[in-house]
Amino acid sequence: VNGGARPGDVLLLTKPLGTGILSTAIKGGLVATDEEGQLVELLATLNRLPMELLNVDASLRAGVHGCTDITGFGLFGHLHEMAEASGVSIHMQADQLPLFLNARDLADMGIIPEGCYRNRNHYGQWLRSTLAEMDSLELIGYDPQTSGGLLLALAPKTADQLLARLEQSGYGPQCAIIGEVRAGDPGLIYLS
């Protein structure tokens, strides 16, 4: 459900960003074999465990107000869609974004998939960023993800509980609270 995010919700991402950048680097022979193996492992990790935890616990599920998976539209594309469908805005700190391996270093070197630029051209009109133009963290937000994580808008207490249960269950991918939902400016994403 893309809509349903409420002011006061936090945004939880269940996998790190940068799979498109890493895939591009692999095609160019710029990634070590162990990093390639880690990417394959991340891509093979399904979103099943977070969904099972929510489906088993009705009180936990009740605190989730919106959910989507991150795919080829990148994080910012899906954030915009959620914010617009919910009539809210999204506020994030760039340093809260979970990044896969050396995705930022690769992006700094210009290893950016074409889909990232397409996403930026389309969704950039809804981003209000204080970062320098073409900052690698901003570009990672547009990076098209393969087998991306879930993006959940949920009550802060629910987010803490879900993070704790994922850790207890041995969920491997890096999860993080990446921002918050606020009233006003429907569809806009603020990044600083």
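None of these values were measured; they are calculated from a predicted model. Counting from 1, residues in each chain are numbered in the order their sequence is written. With the structure being a predicted model, the display of local features is reserved for residues of pLDDT at least 70 and the display and counting of side-chain atom pairs for 80 or more, all residues being used for whole-chain, interface and lining totals. The basis for every side-chain value is the complete set of non-hydrogen atoms in the structure, without hydrogens or water.

## Observations regarding the overall build of the protein chain
Only DSSP runs of H or I covering at least 4 residues are called helices, and only runs of E covering at least 2 are called strands; the numbering of each starts at the N terminus. Each helix and strand in the protein chain was counted, giving 9 helices and 7 strands. At 16 Å, the protein chain has a C-alpha radius of gyration in line with the 16 Å of a compact globule built from 192 residues. The principal-axis extent of the C-alpha atoms belonging to the protein chain is close to 45 × 35 × 20 Å. Within the protein chain, the fraction of its 192 residues that count as buried is 51%. Residue contacts are counted whenever heavy atoms from the two residues lie within 4.5 Å of one another. Counted over contacts in the protein chain with a minimum sequence separation of 6, partners at least 24 positions apart contribute 86%. For this count, His and the chain ends are skipped, Lys and Arg are scored as positive, and Asp and Glu as negative. Taken as the charge centre is NZ of Lys, CZ of Arg, CG of Asp or CD of Glu, depending on the residue. Each charge class in the protein chain was averaged separately, 12 positive and 22 negative side chains, and the resulting centres sit 7 Å apart. Based on C-alpha atoms, the radius of gyration is set beside the globule rule, defined as 2.2 Å times the residue count to the power 0.38. Burial here depends on accessible area, computed with a 1.4 Å probe over protein chains only, as a share of the maximum for the residue type. Under 20% is buried, over 50% is exposed, and the range in between is partly exposed.

## Structural notes on the pattern of salt bridges
Opposite charge on two side chains permits them to pair, given that their charged atoms come into close proximity. Within this document, salt bridges are pairs made up of a side-chain nitrogen of Lys or Arg and a carboxyl oxygen of Asp or Glu, the two lying within 4 Å of each other. This structure, assessed with the given rule, holds 5 salt bridges. Residue Arg 104 is joined to Asp 135 by a salt bridge in which the shortest nitrogen-to-oxygen separation is 3.5 Å. Of the two residues, Arg 104 sits in helix 6 (residues 103–108) while Asp 135 sits in the loop between strand 4 (127–129) and helix 8 (136–142), which places them 31 residues apart along the sequence. Judged by relative accessible area, which is 18%, Asp 135 ranks as buried. Note that Arg 182 is salt-bridged to Glu 180, the shortest N-O span being 2.5 Å. Overall, the relative accessible area of 39% leaves Arg 182 in the partly exposed class. You can call Glu 180 partly exposed: its relative accessible area is 32%. Several salt bridges share partner residues, and in doing so they unite Arg 120, Glu 133 and Glu 138 into one network.

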